[in-house]
Amino acid sequence: MTRILVIGPSWVGDMVMSQSLYKALKQQHPDAKIDVMAPAWCAPILARMPEVNRSIEMPLGHGEFALGKRYQLGKRLAKRGYDRAYVLPNSAKSALIPWFAGIPTRIGWKGEMRYGLLNDLRPNKKAFQYMVERYVALAHPRAEMQNSASLGGLEGLPKPELTIDPDAQAAVITKLGLNQDKPVIGLCPGAEFGPAKKWPEQHYAEVARQAHQQGYQIWLFGSAKDVETCENIATLAENAPNIHVLAGKTNLIEAVDLLGACQTVVSNDSGLMHIAAAVNCQVIAIYGSTSPDYTPPLTSKVDIVHTDIECRPCFQRECPLGHLKCLNDLAPSQVVSLIKVGNNQ
């Protein structure tokens, strides 16, 4: 049996996409036990990945070096007898724990002074276009992984598939006073990255209004930071009875189960977008300052919408030109037409 430790990413979307690596590893080593070290909030997401044996809490905060704590953690993990480690973050400190644990094979991309800490160091990360390709390439021998073509294209890669717990789903639907009497469209109008990823509230409200008129109910998703945005959208959509603000009322795993109850999800480029793709929703992904050429939703049931103005993608958190045309000029009618198509397929 092969014992594998993965030092996982710290963002929701990246954690969801990392499941493609775990799937690739299980294809190669069906008996492998894969443990993933990640922040505590990741544990419920990892519990919905059948390929993961256990999640191990990373007790250190983002950016915290804490050499002594990393040494002690590595020594504790040494007792588990891991055969190999995969280090997904780029930092040197993320590679310290597997090194301290004495794991024989330590695999990752060339990054921040990781020579020696990783002994299967991959130098050609930029030869792989998509982040998911960069994850999956680590599962294969270095000599075979020259560029994206080595993996045969995005379509052939294993895709994230988070399991839905029907009992938990039913419980949270009841707890929040929801029902599934009408088909559900989920809206995810937040973006942790910044305002240059956020489609305007009035555009989301227009989608909600038209979807409501067509007989759909609308669930607005987000964290506590997105409550004001979601409430503004509900107000602009005239607070129709079938519009429900769920932002700030669910934890992450409850959001997973509720997204799994949606037929269609309209989302900015965000972690919730990747979750919606992984629970088999029809995803309409809205891109502003960022690009689907790096981290697209990994599902065949996706429509990607963006404007083609020359200043995008700029990858900035805020519009450097102050006009946010990449999002303001993206008409709600484009999204509404895709919802109709998505639910008639």
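In the block above lies the structure referred to throughout.
These figures come from a predicted structure and were not determined experimentally. (Residues numbered from 1 in each chain as written. Predicted model: local features only at pLDDT ≥ 70, side-chain atom pairs only at ≥ 80, totals over all residues. Heavy atoms only, no water.)

Caption draft 1: Inspection of helix α8 (residues 201–213) at higher detail. Compared with an ideal rise of 1.5 Å per residue, which puts 13 residues at 18 Å, α8 spans 18 Å between its outermost C-alpha atoms and is within 8% of the ideal. Phi turns positive one or two residues past the end of α8, at G215, with a value near 100 degrees. (Helix = DSSP H or I, 4+ residues; strand = E, 2+ residues; numbered from the N terminus. Expected span 1.5 Å × (residues − 1).)

Caption draft 2: Broad picture of the nonpolar core. Grouped together as the largest cluster of nonpolar side chains are 62 residues, with contacts concentrated most on Y22, V36, L46, L162, W219 and F221. At six residues, the largest contribution of residues to this core is made by helix α11 (residues 271–278). Discounting chain neighbours no more than four positions away, the residues touching V36 are V6, G8, M15, Y22, L46, V52, R54, S55 and I56. A240, V245, I286 and V305 belong to the second-largest nonpolar core, a separate cluster that totals 32 residues. (Core = buried A, V, L, I, M, F, W, Y, C linked by side-chain atoms within 4.5 Å. Buried < 20%, exposed > 50% of the residue type's maximum accessible area, 1.4 Å probe, protein only. Contact = heavy atoms within 4.5 Å.)

Caption draft 3: Quick peek at the environment of S291. Inspection of the secondary structure assignment puts S291 in the loop between β11 (282–286) and β12 (302–305). Only 2.9 Å separates the side chain of S291 from the backbone nitrogen of D293, close enough to count as a polar contact. (Polar contact = N/O pair within 3.5 Å; in protein donor to acceptor, adjacent residues only side chain to side chain.)

Caption draft 4: Region of interest: the sheet that holds strand β3 (residues 52–57). With parallel pairing, the six strands of this open sheet are ordered in space as β3-β2-β1-β4-β5-β6. Of all strands in the sheet, those with a lone pairing partner are β3 and β6 (120–122), marking the two edges. Averaged over all pairs of adjacent strands, the angle between their axes in this sheet comes to 20 degrees, without regard to strand direction. Sheet analysis places strand β5 (residues 105–109) next to β6, joined by three bridges and oriented parallel. Its bridge partner being in β6, G108 is matched across the sheet by L121. Across the sheet, helix α2 (residues 19–28) lies against β1 (3–7), β2 (33–38), β3 and β4 (84–87), angled at about 160 degrees from β2, the strand it touches most. (Pairing = 2+ DSSP bridges. Axes fitted to C-alpha atoms, helices over the stretch in contact; angles between N-to-C directions.)

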